[in-house]
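Letter by letter, the chains look like this.
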Amino acid sequence: MIPDWKVVQDYLEILEFPELKGIIFMQTACQTVQHQRGRRQYNKLRNLLKDARHDCILFANEFQQHCYLPRERGESMEKWQTRSIYNAAVWYFHHCQDRMPIVMVTEDKEAIQQYGSETEGVFVISFKNYLDNFWPDLKAAHELCDSILQSQRERENESQESHGKEYAEHLPLEVLEAGIKSGRYIQGILNVNKHRAQMEAFVRLQGASCKDSGLVSDILIHGMKARNRSIHGDVVVVELLPRNEWKGRTAALCENDSEDKALGDPPSEPMPTGRVVGILQKNWRDYVVTFPSKEEVQSQGKNAQKILVTPWDYRIPKIRISTQQAEALQDFRVVVRIDSWEATSVYPNGHFVRVLGRIGDLEGEIATILVENSISVVPFSEAQMCEMPVNTPGNPWKVSPEEERERKDLRETHLVFSIDPKGCEDVDDTLSVRTLTNGNLELGVHIADVTHFVPPNSYIDIEARTRATTYYLADRRYDMLPSILSADLCSLLGGVDRYAVSVIWELDKTSYEIKKVWYGRTIIRSAYKLFYEAAQELLDGNFHIVDDIPEFRDLDEKSKQAKLEELVWAIGKLTDIARHIRAKRDHCGALELEGVEIRVQLDEKKNIHDLIPKQPLEVHETVAECMILANHWVAKKIWESFPHQALLRQHPPPHQEFFSELRECAKAKGFFIDTRSNKTLADSLDNANDPNDPIVNRLLRSMATQAMSNALYFSTGSCAEEEFHHYGLALDKYTHFTSPIRRYSDIVVHRLLMAAISKDKKTEIKDNLFSNKDLEELCRHINNRNRAAQHSQKQSTELFQCMYFKDKDPDNEERCISDGVIYSIRTNGVLVFIPRFGIKGAAYLRNKDGLVISCGPDSRSEWKPGSLQRFQNKITSTTTGGESVTFHLFDHVTVRISVQASRCHSDTIRLEIISNKPYMIPDTELFHQSSLLLKSDLVKEVTRSVEEAQLAQEVKVNVIQEDYQKYCQTKGRSLYTLLEEIRDLALLDVSNSYGM
């Protein structure tokens, strides 16, 4: 089957069905998708072609001597494209010696009539006919095809009926490109403000526009007319308005546009303002939407088949689709896809794709988060699992004799051990330290050799590359690799032989300076699988913990004592070395930023027993410093060997203007934050400690985190060496090498390191390495997937928080009242941080009725007529009766927590100040105790309530169970089953999307 350009454009999601294999895509059709449908659609097509399971192929027909056809004078582009694809189909039929019938599918009725009977053996039919004749039982494809056809008919009818234009036409591509080159127009990515989606969007400059425009800020796009049919994430072209038409960014807190107007807050200083004149790349994707209620459908007009659906993402405009199922679907989350947005239409047009689940149901909401972040994780296929090694009791995996000859064997010579969170099963790093015969020390970092089991371009490699990372949600994870690797053969468990890739340094015995380094493949047998708390106890000299370490249980007293002394020496020596390494980085300006991790306690059945904030232990830093050291040295090695095609990780210095709020907040407490370099920033943050309130330093570090750019992967051939620097870690070169089980970037780095070793030995490089161009593209993909992983993790955490508070009565439930700290002032309210739950949110000082907050003699708040006056570090509320109350930065207030329910969007936490006094004394110990207790209660209560609801509706959950099978890989009796690793879960600070 050969689809023409229009079929590829309109029916791509049907062509992605796994049943439709062996499709030949012509270059002409693919280029049309790229130019007309934008980057996302084109990437979907490319991924389809790359996926070996679909067995599709791209044929470069325009570069084949007998297939190329020049465009005739007066011939439209569309007719030429269809003619070219048909000509290539005929050539291919003859190339196969007329033995293989060819089906070309097209939506061009004239082409069907003209070419349908021209060449015997080449059938030209419509896509609908193709499905009817070849796939009559593929029900889902037929339904989707009908939905798309109906949507197209509606658009055609609407186009014929419509006269006036809602928006200006976009300028032709050649005009846009010439304008960008001349400086008249500016190119950038559209970012819609989710709190004022109808009014405010900003264009972040991109490419040459960033350097040539002279602008230091984003460009404001005010209102939908100026946005001109562009959608959040589109690459747009902007024309600046005259200076007298520039507008300011709104400084008020706001939930929606109507409230913003009602409050009447003055905007900030005018900033560059423009209007969109064209779109270079559309960012259209699948959107989760909610159908209107029955009453809303009736209010939308006479033709109820045309429905306006509301996207889950506030930043996306309503989408018009044609359906007769509006009433049946009004309680469900549904996926739709945008088809077009004509200048004559107020809203974009789209079509129905599939149902996700009921609104408010856990699995439906999780599926929504996955779709919104373009995360599609299906179970590993049979073809992929067939590539996996076998390790069963009847057929146990063993080290092969060939590998024993080629690898350095450390099993008898080195004390190797791991230190991980309790319950961790995917152990991808181990450590060793020993004294050499010359008195020097040897430090080793040994990482799971994943690339031994994942050959380049194998089925499992392609799948891992597509996933790019393991996705961690609050209650589950989606693995990058099958569990036979991630939790077994690539996990460096205690007492079993495993393949590793090692970095081993010789260190001076007193100064710990590095004398030499060795890289290579090894065989190890980890002696101990320690958890952090046990390692810390041993480091502190508390040896009673030995009873909790399985490896010591069956030893006699003499052997136990000898092995204990050996292990305690190793942990102590590692800690000494780590302190030295950290001191060197601190001297160069390494930053310690705010980011709280959660330790998850699991029971025997892998269900969550408790959530506890991870207490900072010195062994955490010991392990981290050893991993950072390995990443740094591997980065240097692969760059030296492949200066133009090594995968490194850069962390650019932040823009100074992003630190303005941090500086002002610190100033309110009498601290000065010097942001000129990472060294001065680190020193300033260390000195910004309020002895009476430790929360102040946490919030300042959190603000510094917010000001940072994200660290990104890049190819060394794509930028100058001075741009390699990692600002946060204060290192000139850095990469990720130490977690190949859960990061595809580390797999690439392992292959580069193996190639570098082969290059040094002057032996053949076995793996074909990525070119700079291909590696640059892969880095973009991995960075994109990492952002999706961060967003989905944050959104799932917020979902759990809302589920916990949703059924509570905020007026009577004691847990809904908490202490909060003000960390930012706005014109109509403040931003508050709640340490006990790690929640950040807005608390309004003026409500929708225009009343302002007032606090009486008992400090309790109430709403009264009055006004607000905002100052730099405080805000004062004054009633018409003359009463006033002032809120300062870092004031502790009492806050009521409730949930703002939403049918169309995600629920949100709502904060209300009920007293201008602290709820409790801000004592660190009290915070830790209440924090630990309530997080445990939160998880247990949400788990129990959801499981009870499941039991009550067991008969009705067939659809949900199907969705569960489709999306979940981690399984168990509880919905909240977690497997081994949850170290990246940041429940305490859901606003922190910064990643080193």
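Read on for a plain summary of the structure.

What counts, and where the lines are drawn
Residues numbered from 1 in each chain as written. Predicted model: local features only at pLDDT ≥ 70, side-chain atom pairs only at ≥ 80, totals over all residues. Heavy atoms only, no water. Helix = DSSP H or I, 4+ residues; strand = E, 2+ residues; numbered from the N terminus. Buried < 20%, exposed > 50% of the residue type's maximum accessible area, 1.4 Å probe, protein only. Areas by Shrake-Rupley, 256 points an atom, 1.4 Å probe, with all protein chains shown as cover. Pairing = 2+ DSSP bridges. Contact = heavy atoms within 4.5 Å. Axes fitted to C-alpha atoms, helices over the stretch in contact; angles between N-to-C directions. Parallel < 35°, antiparallel > 145°, perpendicular 65-115°, else oblique. Left-handed = near helix turned anticlockwise from the far one by under 90°. Nonpolar A, V, L, I, M, F, W, Y, C, P; charged D, E, K, R; others polar. Core = buried A, V, L, I, M, F, W, Y, C linked by side-chain atoms within 4.5 Å. Phe/Tyr/Trp six-rings, centres within 6.5 Å; stacked < 30°, edge-to-face > 60°. Lys NZ or Arg CZ within 6 Å of the ring centre and 35° of its normal. Disulfide = S-S within 2.5 Å.

Side note on the overall build of the chain
Point 1. Looking only at helices and strands, the chain has 28 helices and 40 strands in total.
Point 2. Evaluated residue by residue, the chain yields a buried proportion of 54% over its 996 residues.
Point 3. Carbon and sulfur atoms make up 49% of the accessible area of the chain, which totals about 44,900 Å².

Observations regarding the sheet that holds strand S24 (residues 497-507)
Point 1. Across the sheet, which stays open at both edges, the seven strands sit in the order S18-S25-S24-S21-S20-S19-S26 with mixed pairing between neighbours. The sheet is open, and its two borders are formed by strand S18 (408-409) and strand S26 (528-531), each paired with just one other strand.
Point 2. As defined by bridge partners, strand S19 (residues 416-420) adjoins strand S20 (residues 429-435) across two bridges and the pair is classed as antiparallel. Across the sheet, residue phenylalanine 417 finds its bridge partner in S20, namely leucine 431.
Point 3. Sheet strands in contact with helix H19 (residues 532-539) are S19 and S26, and its direction is about 90° off that of S26.
Point 4. Along the sheet face, helix H20 (residues 557-588) touches S19, S20, strand S21 (441-448), S24 and S26 and points at about 100° away from the line of S20.

Quick look at the packing of helix H21 (residues 618-641) against helix H25 (residues 744-760)
Point 1. The interhelical angle for the contact between H21 and H25, taken along N-to-C directions, is 60°, at an axis separation of 9 Å. It follows that H21 is oblique to H25 by the angle criterion. Pair H21 / H25 crosses with left-handed handedness. Of H25, the residues touching H21 (which contributes Val634, Lys637, Ile638 and Ser641) are Val749, Leu752, Leu753, Ala756, Lys759 and Asp760.
Point 2. For the contact of H21 with H25, the class distribution of residues is six nonpolar, one polar and three charged.

Points about the sheet that holds strand S36 (residues 866-870)
Point 1. Taken in spatial order, the three strands line up as S36-S37-S38 in an open sheet, and their pairing is antiparallel. Lying at the two open borders of the sheet, with one neighbouring strand each, are S36 and strand S38 (884-888). Here the strands of the sheet are splayed against their neighbours by 15° on average, with no regard to which way each runs.
Point 2. Pairing geometry for strand S37 (residues 874-879) and S38, over five bridges, is antiparallel. Bridge pairing in S38 links lysine 874 to histidine 888.

A short note on the nonpolar core
Point 1. Membership of the largest hydrophobic core comes to 94 residues, with the highest contact counts inside it found for Phe417, Trp505, Leu530, Phe737 and Leu753.
Point 2. Apart from the residues lying within four places of it in its own chain, the contact partners of leucine 530 are Phe417, Ser418, Ile419, Asp420, Ala535, Ile549, Leu567 and Ile571.
Point 3. The next biggest cluster of nonpolar side chains, apart from the first, holds 67 residues, and it includes Phe93, Val103, Tyr115 and Val353.

Considering the pairing of strand S9 (residues 235-240)
Point 1. A large share of S9 lies buried, amounting to five of its six residues.
Point 2. Pairing of strand S6 (residues 186-192) with S9 involves four bridges; the strand directions are antiparallel. Residue pairing for S9: glutamine 187 is matched across the bridge by valine 237.
Point 3. In the sheet, S9 pairs with strand S12 (residues 274-281) via six bridges, with the strands oriented antiparallel. Of the residues in S12, the one forming a bridge with valine 236 is isoleucine 279.

Brief notes about the packing of aromatic side chains
A ring pair, where both rings are aromatic, is described by two values, the distance of the centres and the angle of the planes.
Point 1. On inspection of all chains with the given rule, the structure shows 15 aromatic pairs.
Point 2. An angle of 75° between the planes, with centres 5.0 Å apart, marks the rings of tyrosine 804 and phenylalanine 805 as edge-to-face. Taken as a pair, tyrosine 804 and phenylalanine 805 share a single burial class, namely buried.
Point 3. Measuring from centroid to centroid gives 5.1 Å for phenylalanine 805 and phenylalanine 837, while their planes differ by 85°, and the two rings are edge-to-face. A residue pair is termed long-range when its members are at least 10 positions apart, and phenylalanine 805 in helix H26 (residues 772-806) and phenylalanine 837 in the loop between strand S32 (829-834) and strand S33 (839-844) qualify at 32 residues. Phenylalanine 837 matches phenylalanine 805 in its accessibility class, with the two residues each being buried.
Point 4. Ring-pair connections join several aromatic residues into one group, and the members of that group are Tyr11, Phe127, Tyr130 and Phe134.
Point 5. The cationic tip of lysine 225 hangs over the ring face of tyrosine 167; the distance from NZ or CZ to the ring centre is 5.6 Å.
Point 6. Residue placement shows arginine 407 over the ring face of tyrosine 499; its charged tip is 4.2 Å from the ring centre.

Section: the packing of H20 against H21
Point 1. The interhelical angle for the contact between H20 and H21, taken along N-to-C directions, is 65°, at an axis separation of 9 Å. In terms of their interaxial angle, H20 and H21 are classed as roughly perpendicular. In the crossing of H20 with H21, the sense of the turn from one axis to the other is left-handed. Contact residues: Leu574, Thr575, Ala578, Arg579, Ile581, Arg582 and Arg585 in H20; Glu618, Glu621, Thr622, Glu625, Cys626, Ile628 and Leu629 in H21.
Point 2. Counted by class, the contact of H20 with H21 contains six nonpolar, two polar and six charged residues.

A few points about the state of the cysteines
Point 1. Applying the stated criterion across every chain yields a total of zero disulfides.
Point 2. As a non-bridged cysteine, cysteine 779 has cysteine 719 as the owner of its nearest cysteine sulfur, 9.9 Å distant.

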